[in-house]
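Here are the chains, one letter per residue:
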Amino acid sequence: KSSRLQVPYEWTGAADNKLGVDRNWYGEAVPPLGESADIVFSGHDNCDIVNDLVMSKPWRTVTFRNGGPWRMSGNTLFLNGYYPSNGGRAIVNNSDLPVQIDCDFSSAAKSASVIAQSNSYVRLNGTTTISKIFIPSGDIRIGGALTCDSFQIEKSYGTSPDTRLTICKGGSMTVLNQ
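This one's a predicted model, so the numbers in the text were calculated from it and none came from an experiment. (Residues numbered from 1 in each chain as written. Predicted model: local features only at pLDDT ≥ 70, side-chain atom pairs only at ≥ 80, totals over all residues. Heavy atoms only, no water.)

Observations concerning the pattern of salt bridges
Throughout the structure, instances matching the rule amount to three salt bridges. The partner of Arg60 in a salt bridge is Asp38, and the shortest N-O contact between them spans 2.5 Å. One end of the pair, Arg60, is in the loop between β3 (48-51) and β4 (61-64); the other, Asp38, is in strand β2 (residues 38-41), with 22 residues separating them in the sequence. The salt bridge partner of Asp48 is Arg71, with a shortest N-O separation of 2.9 Å. Of this pair, Asp48 sits in strand β3 while Arg71 sits in strand β5 (residues 70-74), placing them 23 residues apart in sequence. (Salt bridge = Lys/Arg side-chain N within 4 Å of Asp/Glu carboxyl O. Helix = DSSP H or I, 4+ residues; strand = E, 2+ residues; numbered from the N terminus.)

Notes on the environment of Lys18
The topology assignment puts Lys18 in the loop between β1 (9-11) and β2. Dropping the residues within four chain positions of it, Lys18 is found in contact with Trp11, Asn24, Val50 and Asp52. (Contact = heavy atoms within 4.5 Å.)

Here's what the structure looks like:
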């Protein structure tokens, strides 16, 4: 078994802003489409990312760290979100800057969630279908059409008083099992 499957694929943005360009990734190889790939965006180069991949198979997770602010547009972002050690995650923002997903986004895994951490936010502007929105200490802003099974805002010790879910003008949210 390759040890590469256990290491996240990290974005450098060295060539341009397209996901499908090998030189934009450490190791100069676009991550394979499939359930084993965890994607990490960090750094300050080409933070306005275009998803030029046609995703027939999902990546497992996408995490935004450092750098940014981050924006992703282009083709549908399709994630499995299966990550048993923490109950599932699909998009995680643990940077101190905003993440904006302008492309359509969906997750195949029932346990998958969008997680906003730090004092930042994740804004979903496309058509989003996800199992759960989970906000431990950040802000999720809905600018497109969101359908989810449930959402949870966790207020705990040390949580920012600005932890919230915001439906922006033109946005909508449908909760199926609340």
